[in-house]
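# Residue-level structural notes
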Amino acid sequence: MDIRENLDLISREMHEALENVGSLQELEALKVKVLGKKGSLTALLRSMGQLSPEERPKAGQMINVAREELTAALEEKQQALSSAEKEMRLKKEAIDVTEPRDLPLVGTVHPTQLVLNEVLSCFEGLGYEVVEGPEVELDHYNFELLNLPKNHPARDAQDTFYIDDSIVLRTHTSPVQARTMLTKKPPIRIVCPGRVFRADEVDATHSPVFHQIEGLVIDKDVSMGDLKGTLDAFAKRLYGDDIEVRFRPSFFPFTEPSAEVDLTCFNCHGKGCKMCKGTGWIEVLGCGMVNPKVLEMCGIDSSVYSGFAFGIGLERITMLRYGIKDMRLLYEGDLRFLRQFR
Ligand code: DAH
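The paragraphs below set out a description of the structure included in this document. (Residues numbered from 1 in each chain as written. Predicted model: local features only at pLDDT ≥ 70, side-chain atom pairs only at ≥ 80, totals over all residues. Heavy atoms only, no water.)

### Regarding the overall build of the protein chain
Check the secondary structure of the protein chain and you find 12 helices and 10 strands. Dimensions along the principal axes, computed over C-alpha positions, put the protein chain at roughly 140 × 45 × 40 Å. Evaluated residue by residue, the protein chain yields a buried proportion of 40% over its 342 residues. Looking at the protein chain alone, contacts between residues at least 24 apart form 66% of all its contacts between residues at least 6 apart. Carbon and sulfur atoms make up 52% of the accessible area of the protein chain, which totals about 19800 Å². The distance from the centre of the 42 positive side-chain charges to the centre of the 53 negative ones in the protein chain is 4 Å. (Helix = DSSP H or I, 4+ residues; strand = E, 2+ residues; numbered from the N terminus. Buried < 20%, exposed > 50% of the residue type's maximum accessible area, 1.4 Å probe, protein only. Contact = heavy atoms within 4.5 Å. Areas by Shrake-Rupley, 256 points an atom, 1.4 Å probe, with all protein chains shown as cover. Lys, Arg positive; Asp, Glu negative; His and termini not counted. Charge placed at Lys NZ, Arg CZ, Asp CG, Glu CD.)

### Thoughts on the layout of surface pockets
Its volume calculated, the largest pocket comes out at about 940 Å³. As for the largest pocket, its lining consists of 39 residues, of which Arg198, Phe210, Gln212, Phe252 and Glu283 are closest to the centre. Elements with a contribution of two residues or more to the lining of the largest pocket: strand S6 (209–219), strand S7 (245–252), strand S8 (255–264), strand S9 (281–290), strand S10 (306–313) and helix H10 (314–322). Of all the elements, S9 adds the most residues to the lining of the largest pocket, at six residues. In the lining of the largest pocket, the residues fall into 16 nonpolar, 15 polar and eight charged. Estimates place the volume of the second largest pocket at around 380 Å³. Along the walls of the second largest pocket sit 19 residues, with Met275, Cys276, Lys277, Ile282 and Arg316 positioned nearest its centre. Considering only residue class, the lining of the second largest pocket consists of eight nonpolar, three polar and eight charged. (1 Å grid on protein atoms, 1.4 Å probe; cavity = no way out; pocket = protein on both sides within 12 Å on 5 of 7 lines; lining within 4 Å. Points joined across faces, edges and corners; volume = space filled by probe spheres on them. Nonpolar A, V, L, I, M, F, W, Y, C, P; charged D, E, K, R; others polar.)

### A short note on the sheet that holds S10
An order of S1-S5-S6-S10-S9-S8-S7 is seen for the seven strands of this open sheet, with the pairing classed as mixed. Each having just a single partner strand, strand S1 (129–130) and S7 make up the two edges of the open sheet. Where S9 and S10 come together, five bridges link them in antiparallel fashion. Across the sheet, the residue bridging to Leu285 is Ile312, located in S10. Against the sheet, H10 makes contact with S6, S8, S9 and S10, and its axis sits at roughly 60° relative to S10, the strand it touches most. (Pairing = 2+ DSSP bridges. Axes fitted to C-alpha atoms, helices over the stretch in contact; angles between N-to-C directions.)

### Section: the pairing of S8
Within S8, eight of the 10 residues are buried, leaving the element largely enclosed by the surrounding structure. Pairing of S7 with S8 involves seven bridges; the strand directions are antiparallel. Looking across to S8, one finds that Val245 is bridged to Leu263. Between S7 and the antiparallel strand that follows it, S8, lie two residues. The sheet contact formed by S8 and S9 spans eight bridges and is antiparallel. When the bridges of S9 are listed, Ser258 appears paired with Gly288.

### Details of the packing of aromatic side chains
In the structure shown here, the tally under the stated rule is seven aromatic pairs. Judged by centre distance (5.7 Å) and plane angle (25°), the rings of Phe252 and Phe254 are stacked. Both rings, one in Tyr322 and one in Phe341, keep their centres 5.0 Å apart while their planes meet at 75°; by these two values the pair is edge-to-face. Of this pair, Tyr322 sits in helix H10 while Phe341 sits in the segment after helix H12 (335–338), and the two are 19 residues apart along the sequence. Among the residues examined, Phe341 registers a relative accessible area of 14% and is labelled buried. Through pairs of rings, three or more aromatic residues link up here, namely Phe123, Tyr128, Phe234, Phe308 and Phe310. Above the plane of the ring of Phe247 lies Lys228, whose end atom (NZ or CZ) is 5.1 Å from the centre. (Phe/Tyr/Trp six-rings, centres within 6.5 Å; stacked < 30°, edge-to-face > 60°. Lys NZ or Arg CZ within 6 Å of the ring centre and 35° of its normal.)

### A short note on the packing of helix H8 (residues 224–239) against H10
Viewed as axis vectors pointing N to C, H8 and H10 meet at an angle of 45°, and their least axial separation amounts to 10 Å. Taken together, the axes of H8 and H10 are oblique relative to one another. Of H10, the residues touching H8 (which contributes Phe234, Leu238 and Tyr239) are Ile317, Leu320 and Arg321. For the contact of H8 with H10, a count of residues per class yields five nonpolar, no polar and one charged. (Parallel < 35°, antiparallel > 145°, perpendicular 65-115°, else oblique.)

Structure (structure tokens):
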């Protein structure tokens, strides 16, 4: 067989083998088989010794051309294989940044706070300022200035947590009224949210610690009509236009006249049920025209100014807002309950 035929054979075999090479290792093995020390092309080169000196240069040239061609083919294959391998690796290691994962636990706003926010934004919209007062309060502000003299039944030790003779845990947010009247000149328009304390039993509608929102308006020519209009607007804002508001005559030492305000029962919608003790109504706040005696004690001229005040039970209106039947749910911190307000 002459050189030409040998070269053609080697080349054809290598190109055929190249078709089936699937990895860089296989390619390396093929390269050794053809171009290595014991490779077929190397063997052909060695066999040139048997040729005559005239034939040698031509044969050498042919072999070199073939060698170059085969080397180029091997290199091309090597490049194809490495880029395919790289692509596979990239695909395998790719991270899907859009894949959903477990989210960290995120807290929710407590229903009582949700309703408080709503109430405050309602009154802020009506031009009220938010004011706060101390939870540990002087008897003087909690009772005395509110026309609750020493022998008044509301001061009964059963209701009030006394710290000493003159200091109590405030039993309502009304002392903030007195504090404000003593430090601000009318016109006054404030709402005062806060925690209050009473030596009360614990059941579905009572707790020794609860929250109120006090309201106070002092100006010239403030009437009971303003009070009714304001509370009506507040109730409709929170519960919608279908809610009915009922004013019942009542008594508070710090207002005259006084009223208690009921809203349609959320549970039976007015038919009468256990929640509303069969009345169809739920009491949510006390209110009235500020007693002139209180105005005078707090340094406001009752012949020039008048005003109204109200104290809203925050837990009550929260229960009403969401149809919560047991007040204790608002204090227990049960996540199954709280997560419903997401
Ligand atoms: N302080 C009263 C209570 O805790 C509620 C209240 C009634 C507040 C009438 C007022 C008011 O400002 O005018 O039961």
